[in-house]
Amino acid sequence: MPWYAPSESSAIPLSPVGEIESAVNSLTVQPRGTFDKVRLNSFARENLSMKLQRSVIRDQLHVFALAGIAIAYPTYAFLLANPAYLVANRITSGYLYIIIALTSFLIPAIIIGLAVMFFVLMRGFYSAYHRLVIWGLLTLIFMPLISPLDILPFWLVLAISIFLAIIVTSEYVNNQFTYAGFLLLVPLAFGLPIYFALDANIRQVLMPEASESLVWRVEEGSALPPVLMIVYDELPLVHLLDVDGGIDKTRFPAFASLAEEGTWYANATTVHDQTIKAVPAMLTGHYPQRGRVLPVPANYPGSLFEILRGEYSIHAIESLTALSRESDDAIVLQPVDAETVATDMIIFYLRSLLPKKAADAWLPLQNGIWGGFLTQANLREWLSNNAGWRQGERALNRRFDMAIDFIEQIPFFPRNTFHYFHIALPHRPYGFLPSGRQYKYPIREDKFNLRNMTQGELDQGRAAHILQLGLADTLLGMFREKLKDLGYWEDALVVVVADHGQSYRRGRNNRLVTQESFGNVAFVPLFIKYPGQETGGSDESNVQTIDIAPSILDALNIVDPPIVDGRSLLDGEEFAPSTKMVLSESGSEFEFDRAAYQKARFQGHQEAVRFFSLSDARSDLYNFGPGLEYLGKKDGELAEFRLEGEVLLDNSEQYHSVDLQAKYLPLFVRGQVLSDTELDLHNMVVAILVNGVVRAVASPYRSLDGDVVFHKILAEDVLQANNKIAALLLVWNPATVSAVSIIP
């Protein structure tokens with residue numbers, strides 16, 4: 001009878017795994033006997049040993065196959081669905097090969113190596129270890145299959161996966177046919193990395209194609225001016241405007257100055273609502289390619305980097321694209337962070353195992369799939385306290401420092417340099433003040449899904465956004481001063497633009513262009529100060545961001561520029577198109593005639609005027625909305641306006657002793673209003689007093705749980721080293737005081 005054969009009473013043939021322990025026991029030394037018996041025993045022992053070794057090899061081939069499905073496949077699936085992650089995080093071919101080797105070969109090799117060690121050194125533990133590995137890998141395979149049933153809680157998904165894994169493992173151990181069938185999965189494990197590497201987008205990272213520099217000539221006698229291009233991210237034009245529709249000089253003095261010195265294209269719109277499509281369009285002058293196309297030179301030939309590279313040095317930082325990567329002198333301020341990429345991969349993998357609700361609650365993807373979710377603290381610190389990550393603290397929080405570094409590097413480049421800076425401001429995550437100081441912004445947002453947020457939370461996000469727009473204005477002023485100090489400003493060609501805007505409507509995608517959101521998402525600020533321009537002004541014609549590249553080439557007097565979809569804004573003989581076209585990640589294509597896009601712009605502007613109280617001279621970057629009349633009043637002046645209701649502040653002790661030199665200031669105030677009666681929230685505000693004086697006013701709202709809550713970001717200069725902070729519920733409009741319940 002073969003060593004692996006079942007007993008006569010068994011109906012199902014046993015697999016070798018189920019017989020290894022008994023086989024090991026049969027290797028004991030036999031009693032002395034005849035010469036034939038000894039020789040037969042030796043032969044049997046050698047035969048059995050060979051069968052054991054062959055069984056172990058098959059066992060580990062099974063492990064390799066299951067590991068490929070359980071570990072490598074989810075990783076590859078994410079990267080195939082989101083190849084832009086590779087570009088945004090500067091992952092080169094070397095790093096990608098490491099990811100392939102790690103997920104498909106190294107991790108399985110470690111598991112297999114331990115099995116071999118047990119077989120050689122502690123053979124009695126081998127069988128139990130192998131069964132445990134098979135069960136664990138099968139559990140990891142079943143979880144992503146069950147987790148899409150989002151109605152199931154995580155514990156039930158895990159329980160079902162474990163149960164199914166136990167059943168299959170039992171069959172694997174006890175059924176020879178099941179055992180043999182697992183070998184059919186081995187080619188799949190080898191095929192996964194090959195399939196992954198052959199994908200068109202992945203292949204562009206593994207084997208990037210070189211693009212040839214375009215030959216261009218400058219008109220004879222033309223001097224080459226410095227070129228500065230600043231691309232802001234997620235900046236709707238309407239947030240820059242004052243009540244009359246001009247650039248707000250009070251809130252954004254640097255943008256207003258640029259509008260006076262250069263040309264403000266007041267009707268400029270993006271051509272796509274996603275960064276990785278919108279930015280290549282403005283750098284090439286072509287409408288973006290449809291479909292999942294990486295923003296690399298091979299897919300977008302003829303960019304400004306390629307055209308200017310022959311005569312200009314390149315000083316560039318790209319947040320999410322990689323069109324400048326072939327420039328020998330390009331400076332990349334965001335090198336690959338191996339630890340960040342590794343932790344990102346772990347987070348993405350763990351999300352694949354969880355139901356969506358659990359994944360969003362435990363491992364939320366702040367700002368989509370761009371990565372860098374951990375704080376700058378090391379992994380051990382993060383594991384002990386990951387609250388900062390849950391609040392949206394990311395590697396991008398270095399944005400301000402990166403901008404300062406970029407500005408300080410400008411003098412080290414020659415005059416004829418193309419300085420290109422794409423910064424993720426005023427883009428989320430929030431937490432910056434206009435000065436560059438930081439605070440903790442604790443409201444987590446669901447990327448592209450605002451259904452799980454109240455309008456009050458969205459409004460608070462909009463308030464935080466306007467503060468980071470203040471920082472964008474501060475940085476613009478610093479760029480301007482640096483060029484002035486170098487004597488470059490008068491002759492420089494300066495372009496300031498945003499890739500797209502965003503909207504703040506509950507239950508709607510805040511970034512996708514729709515008929516309703518066009519005024520907020522499509523309209524972007526565009527300013528161009530041409531070399532030697534002495535007077536500024538506004539241009540009301542129909543301008544799109546694909547007009548930027550041909551305008552730059554025209555301003556540089558380049559002969560025979562490439563044919564593009566956009567038009568030069570300096571060419572007075574070229575007519576502006578009668579309609580605007582914007583492509584969306586949703587797959588839709590929107591075309592607006594002049595009457596339609598002007599109406600959308602007007603509606604977006606009027607909404608911003610109301611939200612930011614732009615018609616009230618008391619409003620600023622921090623305070624707007626109802627209750628501005630209370631600012632500056634002392635506690636004793638508020639008695640006649642106080643309403644019934646107890647106001648509780650969260651963590652109020654943090655304000656008692658403040659380190660004014662700390663990296664983060666405790667400026668985010670939130671709390672809850674308690675009342676025995678139903679509150680008319682439209683008729684009341686919460687006044688926040690710091691050291692007895694009203695420094696901010698917040699509008700309370702109902703949370704999804706029905707509680708009356710409020711949030712407010714305090715101005716940086718209201719805190720002292722020691723503070724007493726309080727909050728009072730006040731009537732909004734004193735004229736209606738008789739209609740509400742005032743505390744006697």
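What this report covers is the structure whose coordinates are included nearby. (Residues numbered from 1 in each chain as written. Predicted model: local features only at pLDDT ≥ 70, side-chain atom pairs only at ≥ 80, totals over all residues. Heavy atoms only, no water.)

1. Some thoughts on the sheet that holds strand β15 (residues 668–674)
Our working definition: Between any two strands, at least two bridges found by DSSP are needed for them to pair. A helix here means a DSSP run of H or I that spans at least four residues, while a strand means a run of E at least two residues long, and both kinds are numbered starting from the N terminus. Contact between two residues is taken to exist if any of their heavy atoms lie within 4.5 Å; hydrogens are not considered. Geometry is summarised by axes, namely lines fitted to C-alpha atoms with helices restricted to the contacting stretch, and by angles between N-to-C directions that run from 0 to 180 degrees.
With respect to topology, 4 strands assemble into an open sheet ordered β14-β15-β19-β18, the strand pairing being antiparallel. Across the chains shown, the open sheet's two edge strands, defined by having one partner strand only, are β14 (646–649) and β18 (701–702). Helix-sheet contacts for helix α18 (residues 455–485) involve β15, β18 and β19 (708–713), and the interaxial angle to β19 is about 5 degrees.

2. Some points on the pattern of salt bridges
Cut-off, in case you're wondering: What makes a salt bridge here is a side-chain nitrogen of Lys or Arg within 4 Å of a carboxyl oxygen of Asp or Glu, nothing more. Burial classes: relative accessible area under 20% of the type maximum marks a residue as buried, over 50% as exposed, and values in between as partly exposed (1.4 Å probe, protein chains only).
Counted according to the given criterion, the structure contains 12 salt bridges. Arg 428 is the salt-bridge partner of Glu 234, the closest N and O atoms lying 3.3 Å from each other. In this pair, Glu 234 sits in the loop between β2 (227–233) and α10 (253–261) while Arg 428 sits in the loop between β6 (417–426) and α18, placing the two residues 194 residues apart along the sequence. Comparing Glu 234 with Arg 428, the two get one shared label, buried. The shortest N-O distance in the salt bridge between Asp 491 and Arg 415 comes to 3.0 Å. One end of the pair, Asp 491, is in the loop between α18 and β7 (493–498); the other, Arg 415, is in the loop between α17 (399–409) and β6, and 76 residues separate them in sequence.

3. Some details on the nonpolar core
Operational definition: Only buried Ala, Val, Leu, Ile, Met, Phe, Trp, Tyr and Cys residues count toward a nonpolar core, and they belong to the same one when joined by side-chain atoms within 4.5 Å.
Counting residues in hydrophobic clusters, the biggest one holds 148 residues, and the most contacted among them are Met 229, Tyr 232, Phe 255, Phe 418, Tyr 439, Phe 710 and Leu 714. Looking at which element gives the most residues to this core, the answer is α18, with 12 residues. Sequence-distant contacts of Met 229, that is, excluding residues within four places in its chain, are made with Met 282, Leu 283, Leu 304, Phe 418, His 419, Tyr 420, Phe 421, Val 495, Val 497, Ile 548 and Ile 552. Core analysis: the second largest hydrophobic core is formed by 35 residues, Tyr 126, Val 157, Tyr 172 and Val 186 among them.

4. Description of helix α6 (residues 154–174)
Note the threshold: In a helix, the anticipated span is given by 1.5 Å times the number of residues less one. Directions are taken from the helix axis to each C-beta atom, and the arc is the one they span.
Relative to the 30 Å expected for 21 residues at 1.5 Å per residue, α6 spans 30 Å between its end C-alpha atoms, a close match to the ideal helical length. For α6, the set of buried residues is Val 157, Ser 161, Ala 165, Thr 169, Tyr 172 and Val 173. Projected down its long axis, α6 carries its buried residues within an arc of 120 degrees, all on one side. Opposite its buried face, α6 presents the exposed residues Trp 155 and Phe 163, each directed more than 90 degrees away.

5. Here we look at the packing of aromatic side chains
Keep this limit in mind: Stacked, tilted and edge-to-face are the three classes assigned to paired rings of Phe, Tyr and Trp, where Trp is represented by its six-membered ring and a pair needs centres within 6.5 Å; plane angles under 30 degrees give stacked, over 60 edge-to-face, the rest tilted. Consider the ring centre and the ring normal. A charge sits over the ring if Lys NZ or Arg CZ is within 6 Å of that centre and within 35 degrees of that normal.
All chains considered together, the criterion is met by 28 aromatic pairs. Ring centres 4.9 Å apart and planes at 90 degrees place the aromatic pair Phe 611 and Phe 612 in the edge-to-face group. Each member of the pair, Phe 611 as well as Phe 612, is classed as buried. Ring-pair connections join several aromatic residues into one group, and the members of that group are Tyr 232, Phe 255, Trp 264 and Phe 527. Residue placement shows Lys 440 over the ring face of Tyr 664; its charged tip is 4.1 Å from the ring centre. Arg 462 extends its terminal NZ or CZ atom over the ring of Phe 611, reaching a point 4.8 Å from the ring centre.

6. Some details on the packing of α10 against α18
Where we set the bar: Oblique is the label for any angle not under 35 degrees, not over 145, and not in the 65 to 115 range, which are roughly parallel, roughly antiparallel and roughly perpendicular in turn. Here the term charged refers only to Asp, Glu, Lys and Arg, the term nonpolar to Ala, Val, Leu, Ile, Met, Phe, Trp, Tyr, Cys and Pro, and the term polar to all other amino acids, Gly among them.
At their nearest, the axes of α10 and α18 sit 7 Å apart, and the two run at 50 degrees to each other. Compared by their axis directions, α10 and α18 come out oblique. Here α10 contributes Pro 253, Ala 254, Phe 255, Leu 258 and Glu 261 to the contact with α18, which in turn contributes Leu 469, Ala 472, Asp 473, Leu 476, Gly 477, Arg 480 and Lys 484. Tallied by class, the residues present in the contact of α10 with α18 amount to 7 nonpolar, 1 polar and 4 charged.

7. Remarks on the sheet that holds strand β16 (residues 684–690)
Pairing in this open sheet of 3 strands is antiparallel, and the strands run β17-β16-β20 from one edge to the other. The open sheet is flanked by β17 (693–698) and β20 (725–731), the only strands paired with a single partner. For this sheet, the mean inter-axis angle between neighbouring strands, taken without regard to orientation, is 30 degrees.

8. Points about the side chain of Ser 319
Convention followed: We define a polar contact as two N or O atoms separated by no more than 3.5 Å, with the added condition that, inside protein, one atom must be a possible hydrogen donor and the other a possible acceptor, whereas residues neighbouring each other in sequence contribute only through side-chain atom pairs.
Residue placement: Ser 319 occurs in the loop between β5 (313–317) and α13 (338–353). At 2.5 Å, the side chain of Ser 319 and the backbone oxygen of His 422 are in polar contact.

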